[in-house]
Structures are given as C-alpha cells and as structure tokens.
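Structural overview for review
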Amino acid sequence: MPHNPYSRLFAIPGATAFTLGNLVARLPMGMFSVSAVIMISDVRGSYALAGAVTATGLAATAVVAPWTARLVDRHGQARVAVPATLVAALGSLSLVLCVRYGAPDWTLFASYAATATTPNTGGMSRARWAHLLKGDARAVHTANSFEQAADELCFMLGPVLAAFLCGTLFPQAGTLIGVVLLVTGVLVFAAQRATEPPPHDRRDPTDTSAATKSLLRARGMPALLIGFLATGAVFGSLEVVTIAYADGQGHKAAAGVVLALQAAGSCAAGLVYGAAKPRGSLVRRHVLCAAAMAAVMTLPLLAVASTGSLIVLSVALLCAGMATAPTMVTAMTLVQRRTPEGRLNEGMTLAVTGLLGGIACGAACGGWAVEHLGTAAGYGVPVAAACCALLLSSAQACATSTRARLRRRRPAPPHVSSAV
C-alpha cells in the first residue's frame, strides 16, 4: 500500500468514482443561495424579499434534512437520494419560472422550501468512508479530513461560480447550472452501489436501545450539537462582518476574494491535518483544536483594530481559517463515534443542521454588531462564538473524564462460588 494516506483511501475500489460524483453534487450547495439572491433581487428589485426567501429555505432544510437522512439510513442511499434530489431540482426550476414570469411572492417561498429535500451528500460520503474503513481509526481520520477540505473547497468556489454565471450570462444561469450539477452528481454517486453502506430497516418496535431512541438523547450528543451551533456562528458572523468591512473600505467587490482566503486556509489545514498521525484521545484533540480556533479568531479583530488594512485582514483571515477545519474534523469524528450503527447519515445531518442554524444566528448577530457597534467591534462576534465552542468542548471533556474515573472506581460485583 502507498505511504500517502490519501492515496491509500483512493486505492479502495470504487472510492474515486463515488468521490467525483459527490464533489459534483456538493458544488451547487454553495451556489444556490447566492444564485437565488442575485436572481430575485435583479428581477424583483428587492433584497429583502431575496433574503426572506433564502431564510425560509434554510428553516425548511433544518426541519426536513434529518427526516431525509433517517430515510437514507433505513432504505439506502440510492433509493432515497435520487428521488429526493429530483424533488429539490423541481423546486429550483419552479423558483426560476416563478421569478421569470412574475408569479406572486408566496410561490417563491413555496418553491425554495421544496429544495429542502436535497440530501446531505457530504454526510452520505462520510458514511461510505466509515463503512469501507470500519475498524481503521487513522484512515477514518484521513477520510474525514479530506471531506472537510472538500466542503471548504466547494463552499469557496460555489459562490464565485454562481456570481460569475449570473453576472456573465443571465440572472437565472446560476440556479439552472446548479440544478444540472446536482442531479448529475447524485446520479453518478448513487450508481456506485458496491461502496454503499447497507440499509438498516429491520427494527424491533419494542426495542428501546440506542439504535431506536432519538439521537438528541444519546450521551454527549446535545453538547456536541450545540458546539456545532457555536462553530456555525463563527462562520456566519465572519462572512457578514467581512463584507461590511470591505464595503466600508470602498472595496465591496473584494469581499468574496477575502473570504475565499479564509476558506483556502481551512482547506489546506484540513488536508495537512488528515495526513498527520492523530495523537492523544479524540476528546482531547477536540479541545485543543477548539482552543486554537478561539485563539486565531482574535487575529482579524486585532488586524482591523490596529491597522485598518484590508490586506492585513486578508492575511489574518487566511491564518484564522487554518484552525476551523481541524475543529470540524474532530467534531465530525466524535459524531460518528456517538451515533449508533445504522444511523450515521442522520447523526451527521443533525450536525450539519446545527452548523447551518449557527451560521444564520452568527450572520444576524454579526449584522447587529456592525450596525450598532461598528465594523471593527463586529469581529468580536466570531471571537465570542469560538470561545463558546471552546467552553462546550472543555465541559464535555471534563464530563467524559469524570465518567471514566467513576467507572474505574466502581467496585467489581462480588464473585459467588458455586457449592461442590
């Protein structure tokens, strides 16, 4: 086997094919919201309407996505992902037609809400790696790092591609091409049946074990999901505050490039982190990564407060991004460890839902801080969110350590010898 850990991953038969299909399907995830905002604001002339429509889609996704993931776990990826994707594609096409032909505003909300059935392709890919690499913790660590880097790459390129298509061709181009990419990618991904994890549909209705109860009641999951909420707030607030700061400097068009540097730093750090051999317990690594993220999130604040230079801010964001991917990798690995077998898609979709909710909350808090406290003070929001994530991971580590000590101190049951 090759020594490069990523080469070892793709030496597995079928791994390259499902990864390529998944990347094509994942790229539109960073395109749809930007395309919708540009399309609606350009044709209807209202950013408020565009923002409300995309917010409705996000709220619908938070409700529908875990349900879709549960169906994927029970009936298989191909059987559920393909029809769910087709429903989402029809929702996007309906949005294009409603905007183009002047349909009532409520039809825009209904159409975009239908896109909430889009399956979590990143979660399905991670579930395949967990199935193929079962029992090899280091290989799973490398696979999760690769998937996180792929997330960063797609969310870095998606908005840029959407803005380019809508600006160069016509306002609906970003959404239409995104639909083509999504459907094509999911069909290619679903066709790789040899690497698909088996469905887990046979359950005893009287079983009350961890395999059937709500994942929100699983040990350690609530704190972990709240940690995803805090991490998402870091991303959401950074985006809004950076756009506002670049606009205040008279370089609003450069905001996308500046944010892309943050995503590039995260992508590079994720690949490097995946190639390194993990040391120490997973819980301890999560705390250390969260501490690093909280520390480097002070760099953009210091850059703006001390220099006011957009170039210095760009360098600070590049450095700040290098701590987010390792934090996400360790958190996703913890989700895999704490999710019962056969429910991995559901567990990781809950994590993504928490992340999206955090992004929305962070964007709102960042916007409020910029408007009422100033742009420089707005960079205190991602710092506060990162510190919350650190406190949650530290508390979780302390609880895990306490439970381990109690188990060690618990006396063994008395041995009863049988009479001869």
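Keep in mind the model is a prediction, meaning the values are calculated, not measured. (Residues numbered from 1 in each chain as written. Predicted model: local features only at pLDDT ≥ 70, side-chain atom pairs only at ≥ 80, totals over all residues. Heavy atoms only, no water.)

We now examine the overall build of the chain. Regarding its fold elements, the chain presents 18 helices and 0 strands. Looking at the chain alone, contacts between residues at least 24 apart form 83% of all its contacts between residues at least 6 apart. Total accessible area on the chain stands at roughly 19,200 Å², and carbon and sulfur atoms take up 67% of it. (Helix = DSSP H or I, 4+ residues; strand = E, 2+ residues; numbered from the N terminus. Contact = heavy atoms within 4.5 Å. Areas by Shrake-Rupley, 256 points an atom, 1.4 Å probe, with all protein chains shown as cover.)

Evaluation of the coordinates by the stated rule reveals 5 aromatic pairs. Taking 5.8 Å as the distance between ring centres and 85 degrees as the angle between the ring planes, the aromatic pair formed by Phe-10 and Trp-129 counts as edge-to-face. Of this pair, Phe-10 sits in helix H1 (residues 5–10) while Trp-129 sits in helix H7 (residues 121–132), placing them 119 residues apart in sequence. For Trp-129, a relative accessible area of 1% puts it in the buried group. In this structure an aromatic cluster arises from ring pairing among Phe-10, Phe-18, Trp-129, Phe-146 and Phe-189. The ring of Tyr-101 carries Arg-100 above its face, with NZ or CZ at 5.3 Å from the centroid. (Phe/Tyr/Trp six-rings, centres within 6.5 Å; stacked < 30°, edge-to-face > 60°. Buried < 20%, exposed > 50% of the residue type's maximum accessible area, 1.4 Å probe, protein only. Lys NZ or Arg CZ within 6 Å of the ring centre and 35° of its normal.)

Helices that pack against each other are described as a pair by the angle of their axes relative to one another and the distance between those axes. Where helix H8 (residues 137–168) meets helix H15 (residues 324–338), the axes come as close as 9 Å, and the angle between the chain directions of the two elements is 125 degrees. Classified by the angle between their axes, H8 and H15 sit oblique to one another. Remark: the crossing between H8 and H15 carries right-handed chirality. Contacts between H8 and H15 involve Ala-137, Val-140, His-141, Asn-144, Ser-145 and Gln-148 from the former and Ala-325, Met-328, Val-329, Thr-333, Gln-336 and Arg-337 from the latter. Classifying every residue of the contact of H8 with H15 gives 5 nonpolar, 6 polar and 1 charged. (Axes fitted to C-alpha atoms, helices over the stretch in contact; angles between N-to-C directions. Parallel < 35°, antiparallel > 145°, perpendicular 65-115°, else oblique. Left-handed = near helix turned anticlockwise from the far one by under 90°. Nonpolar A, V, L, I, M, F, W, Y, C, P; charged D, E, K, R; others polar.)

Counting 44 residues, the largest nonpolar core has Phe-228, Val-234, Met-297, Leu-313, Val-335 and Tyr-379 as its most contacted members. Contributing elements (two or more residues each) for this core: helix H10 (221–248), helix H11 (255–275), helix H12 (282–296), helix H14 (310–321), H15, helix H16 (344–373) and helix H18 (380–409). For this core, the leading source of residues is H10, giving 12 residues. Setting aside residues up to four positions removed in sequence, Val-234 forms contacts with Met-297, Pro-382, Ala-385 and Ala-386. Within the second largest apolar cluster, 36 residues are counted, among which are Leu-49, Val-80, Ala-103 and Ala-143. (Core = buried A, V, L, I, M, F, W, Y, C linked by side-chain atoms within 4.5 Å.)

Counted by the stated rule, this structure contains 5 salt bridges. Among the ionic pairs, Arg-126 bridges to Asp-151, the shortest N-O distance being 2.9 Å. One end of the pair, Arg-126, is in helix H7; the other, Asp-151, is in helix H8, with 25 residues separating them in the sequence. As far as the burial class goes, Arg-126 and Asp-151 line up, both buried. With a closest N to O distance of 3.0 Å, Arg-193 and Glu-196 form a salt bridge. The exposure class of Glu-196 is buried, given its relative accessible area of 12%. (Salt bridge = Lys/Arg side-chain N within 4 Å of Asp/Glu carboxyl O.)

Our focus in this paragraph is the packing of H10 against H11. Where H10 contacts H11, the two axes come as close as 9 Å, and the packing angle between them is 145 degrees. As for the relative orientation of H10 and H11, their crossing is right-handed in sense. For the pair H10 and H11, the contacting residues are Phe-235, Leu-238, Glu-239, Thr-242, Ile-243 and Ala-246 in the first and Ala-255, Val-258, Leu-259 and Gln-262 in the second. In the contact of H10 with H11, the residues fall into 7 nonpolar, 2 polar and 1 charged.

What follows is about the state of the cysteines. Scanning the model with the defined rule gives 0 disulfides in all. With no disulfide partner, Cys-361 has as its closest neighbouring cysteine sulfur the one in Cys-365, 6.5 Å distant. According to the relative accessible area criterion, Cys-361 is partly exposed, its value standing at 44%. (Disulfide = S-S within 2.5 Å.)

Where like charges cluster on the molecular surface, the positive patch consists of Arg-8, Arg-138, Lys-277 and Arg-279. Along the chain, the position of Arg-279 falls in the loop between H11 and H12. (Patch = residues over 30% accessible without salt bridge, like charges linked within 9 Å, V, L, I, M, F, W, Y side chains within 5 Å. Lys, Arg positive; Asp, Glu negative; His and termini not counted. Charge placed at Lys NZ, Arg CZ, Asp CG, Glu CD.)

In this section: the side chain of Thr-330. For Thr-330, the position within the fold is in helix H15. For Thr-330, a relative accessible area of 1% translates into the label buried. One polar contact links the side chain of Thr-330 to the main-chain carbonyl oxygen of Thr-327, over a distance of 3.0 Å. (Polar contact = N/O pair within 3.5 Å; in protein donor to acceptor, adjacent residues only side chain to side chain.)

Our next topic: the environment of Val-188. Of note, Val-188 is situated in helix H9 (residues 173–191). Each C-alpha atom, one on Val-188 and one on Val-24, is 9.0 Å from the other, the two residues being 164 residues apart in sequence. With near-sequence residues (within four places) excluded, Val-188 lies in contact with Ala-17 and Gly-21.

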